[in-house]
Amino acid sequence: MPEPLEPAAVQRVREAAARKGVTLDVRVFDESTHTAAEAAAAVGAELGQIVKSLVFVAPADQDGLDAILCLVSGVNRVDLSRLAAVTGEKDVRRATAREANELTGYTIGGIPPIGHPRPIRVIMDPDLGRYPVVWAAAGTATAVFPVPPGTLRTLANATVAPIAEDREPTLSVGLESSSTAAG
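Model, not experiment: these values are computed from the prediction. (Residues numbered from 1 in each chain as written. Predicted model: local features only at pLDDT ≥ 70, side-chain atom pairs only at ≥ 80, totals over all residues. Heavy atoms only, no water.)

1. Quick look at the sheet that holds strand β3 (residues 65-73)
Definition in use: Two strands are counted as paired when DSSP detects at least two bridges linking them. Numbered from the N terminus, helices here are DSSP runs of H or I no shorter than four residues, and strands are runs of E no shorter than two. What makes two residues a contact is simply this: any of their non-hydrogen atoms within 4.5 Å. Between the N-to-C directions of two axes lies an angle of 0 to 180 degrees, each axis being a line fitted to C-alpha atoms and, for a helix, fitted only over the stretch in contact.
Taken in spatial order, the five strands make up an open sheet running β4-β2-β3-β5-β8, and their pairing is mixed. A strand with exactly one partner marks an edge of an open sheet, and here the two such strands are β4 (93-94) and β8 (159-160). The sheet contact formed by strand β2 (residues 51-59) and β3 spans nine bridges and is antiparallel. Residue pairing for β3: F56 is matched across the bridge by I68. This element, helix α5 (residues 149-156), spans β2, β3, β5 (121-124) and β8 of the sheet and lies at about 165° to β5.

Structural data, given as structure tokens:
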């Protein structure tokens, strides 16, 4: 039974996981976990282990919008052209804060991968699979939960696809410098 003082948003996330047979270890902090950097500091994890839940939209029938939730490693940024190719939506764009709230039922900084009022298409960054455990928002800007990436994929009914921008230019320079210094 959830704690009586637990926010309704966190309860919805717990209930969504429970419907799939998963019990979440939700951790609530006094300090914000709104950004990936804040969340990583709060839980003592690498930035890449933080799941950024980013909402994008594409035009729907009758002037509406379809939400696309991207679960992205904290070190990555979504490449809109890759997201468009993966989803087949040529007019995909980042949702406004208001749209994200209306479509997911949560505010930016606390949007979880599950527990939304209606089904949402979810695309998951394969880089999250590099870690045994990742940390996702649990419905508020101060609540997160640890989860193995495979379980996250199942909970969110996510499609794993490469949607992140390439980071190679900065990485390769650092790697070349390191290998030169070591060699």
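2. So, the pattern of salt bridges
What counts is decided by this rule: Whenever a carboxyl oxygen of Asp or Glu lies within 4 Å of a side-chain nitrogen of Lys or Arg, that contact is scored as a salt bridge. Each residue's exposure class comes from its accessible area (1.4 Å probe, protein chains only) as a fraction of the maximum for that residue type: buried when under 20%, exposed when over 50%, partly exposed otherwise.
Considering all chains together, one arrives at eight salt bridges under this definition. Note that D25 is salt-bridged to R27, the shortest N-O span being 2.7 Å. With a relative accessible area of 40%, D25 lands in the partly exposed category.

3. Let's talk about the sheet that holds strand β1 (residues 27-28)
Strands sit in the order β1-β7-β6 across an open sheet of three strands; the sheet is antiparallel. A single partner strand is all that each edge strand has here, and the edge strands are β1 and β6 (134-137). Strand direction decides the pairing type here: β1 and strand β7 (residues 143-147), joined by two bridges, are antiparallel. Pairing of V28 across the sheet is with A143, part of β7.

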